[in-house]
Amino acid sequence: MSLLTIRNLSVEFTTGSGRFRAVDSVDVDVRAGEILAIVGESGSGKSVSMLATMGLLPWTATVTADEMSFDGRDLRAMSGPERRRLVGADLSMIFQEPMSSLNPCFTVGFQIKEALRKHTDLDRKQRHARCIELFEMVGIPSPEKRLSAFPHQLSGGMNQRVMIAMAISCRPRLLIADEPTTALDVTIQAQILDLLTGLQKETGMGLILITHDMGVVAETAERVAVQYAGQKVEDQPVADLFATPHHPYTAALLAALPERATEKRLPTIPGVVPGQHDRPEGCLFSPRCKFADETCRIVPPPVQPRPLGLARCHYPLEVPEGVVPAKVEGASA
Amino acid sequence: MIKYLLSRLATFVPTFLGVCIISFGFIRVLPGDPIIVMAGERGMTQERYETLSRQFGFDRPLPVQFWEYFTGVLQGDLGRSFVTNRPVWDEFFSLFPATLELALCAIIFAIALGLPAGIIAAVYRGKFFDRALMSTALVGYSMPIFWWALLLIIVFSGNLGWTPVSGRMGLMYFFDDVTGFMLIDSLLSGQSGAFKSAVQHLILPSIVLGTIPLAVIARQTRSAMLEVLSEDYIRTARAKGLSPGRVNGLHALRNAMIPVITVIGLSVGTLLAGAILTETIFSWPGIGKWMVDSIFRRDYPVVQGGLLMIAVIVMIVNLIVDVLYGLINPKIRKR
């Protein structure tokens, strides 16, 4: 049973120089209790698609989708108050910058209790007890004292623990972690990831981990979705993705991992992600792809079947025997 | 917090000394001689001039005069007015309640309208209300105050007859000053209609005096809110499922208040120094008019004493603003 189902999600931003498509027909599926990693470079639309799910995009964004449902409930049809009862309770999110994601004017205790007051029936005393319990869960020492601290009095790692405590305070069924370790020290990164996966096992919630770190993906995720320039280009279980990437972009990303380097120089992917004004007509990765031909440049690629990792590519790599790659009508191969 | 307060208070000492020097020096730098002014059209003999000069102590060197003034100030003696011969202290406090009452009403008017207007404009940025409000605020800010006052008097006092033209109280009411605040004294007097009259007299001057602070507060609130609304912690607040009212009104406003309190504090400081134009137009017996008259009369003790009192009041307002910063923003509070 799919917990979060998104079909054909697109997000456009109205900017001073026209419209910019940050997310382009993305599908997302997360089952209850599953850890999905969404990977991609900066600007690949991974955060934006999740912010759209949470309903947190700024007013300049236009969100369209064929389906967007959480636990069978249509997110698009919900009224504002209805959606706010869901967001922060069943569906919650933590962010990249813990230092700026907490309000400097309020104590961390107040900010967590606020969520509890909104979504639970606990009275004041119970909320306080729950906060202490949460702080112990996320490994904050002397919780009673920390509850009355302001964010600027805590370290980045502590603040991220506070954010996690806040996000899991109302026992969410799906937690979205948007690059939760990017702003932290390497030593703290491992602790936070362990904490997140530990909590996920303990509570059985679904977890979406947005990251650009393939190492993190390999260690934590069960399934991986690779995004490029706003599109999902591949979607596979983690072991299969690392073993047999079907999209040339995934293959190039994996080849660029230092652990996999065979030569002295680290391989790189030439070029940059297309911006607002230089989006290719056909495959978005074609200008940087070493396998691209004329078809790739002109015709948007099809989405391959599941055995080929749903790769959005004309010429998927490592096609197993007996699987016929999808072809676009009229594209000469 | 107490340490923070003490450190703020410590800055009072050099400021106070500076204000004493400036208030003493300012009026003496101006051309014109108080004794000549006192003599008026008829003039006076050289002998009489010298007697008066000795009497007021003008024959002694300036540092000596300053020392006498300064030691007097430290003992709470601001000297006596050349013109009325009443202590400056008494004159100041007989007029100050009128200024304070008007200033408070004006700033309450400005905050009550400016703050919500700025918030709404920020939340609905770029929409019709935002544009309409910000252009109105610009007009309010750039309009000459005396013209605006006259316009209001013509419409509300002249055409509609809703409000009186000038003064603080209707002529048919008479009662003793208890606090000096008409709103309170009129209630204490127990005369029916007196309070209503006091309120009616306050309406137009408050609006006129509050117009510029209103425009400034609305614009400052809007820009501070716009900045805060794009912060990460606002996204966090929304991610908790909080209502827009709570996100905007608590999480955003609390942070946006810091620059807004600065402009409110500055406005209060200016308003308490007396509003010369407004007080003149509405014949409001306040500090502003008194100071201007005294400057024309070269009434040294009144000018230097009045300036000093105003400066001290502005310093106190600033202290209150500093304390408010500490209350609102825990980062400023030192532990």
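Note: the structure precedes this text.
Residues numbered from 1 in each chain as written. Chains lettered and ligands numbered in written order. Predicted model: local features only at pLDDT ≥ 70, side-chain atom pairs only at ≥ 80, totals over all residues. Heavy atoms only, no water.

**Details of the overall build of chain B**
Counting its secondary structure elements, chain B contains 15 helices and 0 strands. The C-alpha extent of chain B, read off along each of the three principal axes, is 85 × 55 × 40 Å. Here chain B holds 335 residues, and the buried ones make up 45% of them. Pairs at least 24 apart in sequence give 72% of the contacts found in chain B among residues at least 6 apart. By element, 67% of the accessible surface of chain B is carried by carbon and sulfur atoms, the whole surface being about 17,100 Å². Positive and negative side-chain charges in chain B, numbering 28 and 21 respectively, have mean positions lying 15 Å apart. (Helix = DSSP H or I, 4+ residues; strand = E, 2+ residues; numbered from the N terminus. Buried < 20%, exposed > 50% of the residue type's maximum accessible area, 1.4 Å probe, protein only. Contact = heavy atoms within 4.5 Å. Areas by Shrake-Rupley, 256 points an atom, 1.4 Å probe, with all protein chains shown as cover. Lys, Arg positive; Asp, Glu negative; His and termini not counted. Charge placed at Lys NZ, Arg CZ, Asp CG, Glu CD.)

**Quick notes on the overall build of chain A**
A count of helices and strands for chain A gives 12 helices and 11 strands. With respect to the three principal axes, the spread of C-alpha positions in chain A is 70 × 50 × 40 Å. Counting over 333 residues, chain A shows a buried share of 54%. Restricting to contacts in chain A with at least 6 residues of sequence separation, those with at least 24 account for 62%. Placing the 35 positive and 39 negative side-chain charges of chain A at their respective mean positions leaves the two points 6 Å apart.

**Some remarks on the environment of Phe82 of chain B**
Inspection of the secondary structure assignment puts Phe82 of chain B in the loop between helix H5 (62-74) and helix H6 (88-123). Discounting residues that sit within four places of it in the chain, Phe82 of chain B has contacts with Pro34, Met38, Phe56, Phe58, Arg298, Asp299, Tyr300 and Pro301 of chain B.

**A few points about the interface of chain B and chain A**
Interface size is commonly expressed as the accessible surface area that is lost when the partners come together. Contacts between the two partners involve 22 residues from chain B, matched on the other side by 30 residues from chain A. Counting the surface lost from both chain B and chain A, the interface buries some 2,400 Å², and carbon and sulfur atoms represent 57% of this. Inspection of the region where chain B meets chain A yields 2 salt bridges. Notably, a salt bridge pairs Arg246 of chain B with Glu114 of chain A, separated by 2.6 Å at the nearest N-O pair. Between the two partners, chain B and chain A, sit 14 residue pairs in polar contact (both at pLDDT 80 or more). Going through the elements one at a time, helix H11 (232-239) and helix H12 (244-272) of chain B are the ones with two or more residues in the side of chain B that touches chain A. In the side of chain B that touches chain A, the residues fall into 7 nonpolar, 5 polar and 10 charged. (Buried area = accessible area lost by both parts, 1.4 Å probe. Salt bridge = Lys/Arg side-chain N within 4 Å of Asp/Glu carboxyl O. Polar contact = N/O pair within 3.5 Å; in protein donor to acceptor, adjacent residues only side chain to side chain. Nonpolar A, V, L, I, M, F, W, Y, C, P; charged D, E, K, R; others polar.)

**What to know about a negative patch on the surface**
Taken together, Asp194, Asp213, Glu219 and Glu259 of chain A make up a surface patch of like negative charges. Structurally, Glu219 of chain A can be placed in helix H9 (residues 214-220). (Patch = residues over 30% accessible without salt bridge, like charges linked within 9 Å, V, L, I, M, F, W, Y side chains within 5 Å.)

**Some points on helix H11 (residues 248-255) of chain A**
Taken residue by residue, H11 of chain A has Pro248, Tyr249, Thr250, Leu253 and Leu254 of chain A as its buried positions. Structurally, H11 of chain A contributes buried residues whose contacts are with H9, strand S10 (223-228), strand S11 (231-237) and helix H10 (238-243) of chain A.

**Remarks on the packing of aromatic side chains**
Residues and elements named next belong to chain B. In this structure the tally under the stated criterion is 20 aromatic pairs over all chains. Each member of the aromatic cluster is reached from another via a ring pair, and the members are Phe24, Phe66, Trp67, Tyr69 and Phe70. In this arrangement the basic side chain of Arg28 is found over the ring face of Phe24, its NZ or CZ atom lying 3.8 Å from the centre. (Phe/Tyr/Trp six-rings, centres within 6.5 Å; stacked < 30°, edge-to-face > 60°. Lys NZ or Arg CZ within 6 Å of the ring centre and 35° of its normal.)

**Here's the deal with empty space enclosed by the protein**
All names here are of chain A. Evaluation of the coordinates by the stated rule reveals 4 cavities of 30 Å³ or more. Approximately 90 Å³ is the volume found for the largest cavity. In terms of lining, the largest cavity is formed by 13 residues, of which the most central are Pro248, Cys283, Cys289, Cys296 and Cys313. Of the pockets and cavities examined, the second largest cavity occupies roughly 70 Å³. (1 Å grid on protein atoms, 1.4 Å probe; cavity = no way out; pocket = protein on both sides within 12 Å on 5 of 7 lines; lining within 4 Å. Points joined across faces, edges and corners; volume = space filled by probe spheres on them.)

**Description of the nonpolar core**
Of all hydrophobic cores here, the largest spans 99 residues; its most connected members are Leu4, Val11, Leu196 and Ile208 of chain A. Considering every element that reaches this core, the biggest residue donor is helix H7 (residues 156-168) of chain A, with 8 residues. With residues near it in sequence (within four places) discarded, Leu196 of chain A still touches Ile94, Ile164, Leu175, Ala177, Pro180, Leu207 and Leu209 of chain A. If you look at the next biggest cluster of nonpolar residues, it comprises 63 residues, including Leu78, Met257, Val263 and Val321 of chain B. (Core = buried A, V, L, I, M, F, W, Y, C linked by side-chain atoms within 4.5 Å.)

**Brief notes about the side chain of Asn255 of chain B**
Mapped onto the fold, Asn255 of chain B is located in helix H12. For Asn255 of chain B, a relative accessible area of 10% puts it in the buried group. A polar contact of 2.8 Å, which involves the side chain of Asn255 of chain B, links it to the side chain of Asn103 of chain A.

**A short note on the sheet that holds strand S3 (residues 35-39) of chain A**
Residues and elements named next belong to chain A. If you walk across this open sheet you meet the 6 strands as S7-S8-S9-S3-S10-S11, and the pairing is mixed. Only two strands of the sheet have a single partner each, and these edge strands are strand S7 (91-94) and S11. Going from strand to strand, the sheet's axes swing by 15° on average, the running direction of each strand aside. Of the strand pairs in this sheet, strand S8 (residues 174-178) and strand S9 (residues 206-211) are connected by 5 bridges, and their pairing is parallel. Bridge pairing links Leu174 to Gly206 in S9. (Pairing = 2+ DSSP bridges. Axes fitted to C-alpha atoms, helices over the stretch in contact; angles between N-to-C directions.)

**Quick word on the layout of surface pockets**
A water-sized probe, rolled over the atoms, reveals where empty space remains. Considering only enclosed or pocket space, the largest pocket measures out at about 1,100 Å³ in volume. Counting only elements with at least two residues in the lining of the largest pocket, the list comes to helix H1 (46-54) and helix H2 (80-86) of chain A together with helix H10 (194-229), H11 and H12 of chain B. The element best represented in the lining of the largest pocket is H11 of chain B, accounting for 4 residues. Grouping the constituent residues of the lining of the largest pocket by class yields 15 nonpolar, 6 polar and 8 charged. The volume enclosed by the second largest pocket comes to roughly 450 Å³. Around the second largest pocket, the lining is made up of 21 residues, and of these Phe56, Gly79, Phe82, Pro301 and Gln304 of chain B lie nearest the centre. If you list the elements that add at least two residues to the lining of the second largest pocket, you get helix H2 (12-29), helix H4 (46-56), H5 and helix H15 (300-328) of chain B. Per-element accounting of the lining of the second largest pocket gives the leading share, 4 residues, to H5 of chain B. Taken together, the residues of the lining of the second largest pocket break down into 8 nonpolar, 8 polar and 5 charged.

**Some remarks on the packing of helix H4 (residues 108-119) of chain A against H7 of chain A**
Residues and elements named next belong to chain A. Packing of H4 against H7 leaves a shortest axis separation of 9 Å and a crossing angle of 20°. Regarding the angle of H4 to H7, the classification is roughly parallel. Once H4 is placed against H7, the crossing between them reads as right-handed. Contacts between H4 and H7 involve Val108, Gln111 and Ile112 on the former and, on the latter, Val162, Ala165 and Met166. Among the residues forming the contact of H4 with H7, the class breakdown is 5 nonpolar, 1 polar and no charged. (Parallel < 35°, antiparallel > 145°, perpendicular 65-115°, else oblique. Left-handed = near helix turned anticlockwise from the far one by under 90°.)

**As for the state of the cysteines**
Residues and elements named next belong to chain A. This model, assessed by the stated rule, comprises 0 disulfides over all chains. Considering cysteine sulfurs only, Cys131 is the nearest to Cys170, which forms no disulfide, with 9.9 Å between them. For Cys170, a relative accessible area of 11% gives the class buried. (Disulfide = S-S within 2.5 Å.)

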